[in-house]
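Each chain is listed here by its residues.
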Amino acid sequence: MSINIIKPDHLGDLVLSSPAIKVLAKKFPGSTLWCSPLTYSLAKFLFKDTVDIKPVEFPHLVKHVSLHDETLSKLKNALNRSELNVFLRRDPMILDFVSSVKSQSILIRDDSQTHQTILDRNAILSLTGNYSRSKNFFWVSDDFHPLQL
């Protein structure tokens, strides 16, 4: 089963969600990551050939004139054809969009006080099982061992 992973927000948010995206990509090969056009190059760098990466713009997340209607339409069509969609952002506009999607969707539960990496892990735990957030950052090698004080 391939899935859609939706992370349409900003650069730092994409970096913080990279462990969850990496684990999902490994568990569900052939998945698609939908991200902001402004983070597209970073996503290509972080996830190389592990997921198909497509741009999407939500109007409340862009400050410039954009093609968000076109990309949102493409996203909605793709989500409705998918078995599962994982949204790694939650806000009123995203919730409204998800309510119009017919296929199953998982959303993070954002309380505005919990770290993004924990929100992501909690949202996908039933799909992936427990995983180490620090060991799944792409720039951390397998032989990385944090300094023990």
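Given the structure is predicted, the values throughout are model-derived calculations rather than measurements.

Q: I'd like to hear about the overall build of the chain, residue by residue, with values.
A: Assigned secondary structure in the chain consists of five helices and five strands. Tracing the chain from N to C terminus, the helices and strands come up as β-α-β-α-β-α-β-α-β-α. Per-residue burial over the chain gives 47% buried out of 149 residues. Expressed as a percentage of contacts within the chain between residues at least 6 apart in sequence, the contacts between residues at least 24 apart total 54%.

Q: Would you mind going over helix α2 (residues 40–47) in detail, with residue names and values included?
A: Considered for burial, the residues of α2 that qualify are A43, L46 and F47. Within α2, the buried residues cover an arc of 75° as seen down the axis, which keeps them to one side. Within α2, the exposed residues directed more than 90 degrees away from the buried face are S41 and F45. Check the buried side of α2 and you find it contacts α1 (11–27), β2 (32–35) and β3 (52–55).

Q: Give a description of the pairing of β2 that names residues and reports values.
A: Burial of the side chains of β2 extends over both faces: T32 and W34 are buried on one face and L33 and C35 on the other. Here four bridges tie strand β1 (residues 4–7) to β2, and the two strands are oriented parallel to one another. By the bridge assignment for β2, I6 is matched with W34. Crossover handedness for the path β1 to α1 to β2: right-handed. Summarising the sheet, β2 and β3 pair through four bridges and their orientation is parallel. Paired with L33 across the bridge in β3 is I53. In this fold, β2 hands off to α2, which returns the chain to β3; that crossover is right-handed.

Calculation criteria
- Residues numbered from 1 in each chain as written.
- Predicted model: local features only at pLDDT ≥ 70, side-chain atom pairs only at ≥ 80, totals over all residues.
- Heavy atoms only, no water.
- Helix = DSSP H or I, 4+ residues; strand = E, 2+ residues; numbered from the N terminus.
- Buried < 20%, exposed > 50% of the residue type's maximum accessible area, 1.4 Å probe, protein only.
- Contact = heavy atoms within 4.5 Å.
- Arc of directions from axis to C-beta.
- Pairing = 2+ DSSP bridges.
- Right-handed = clockwise from strand over helix to strand, strands pointing away.

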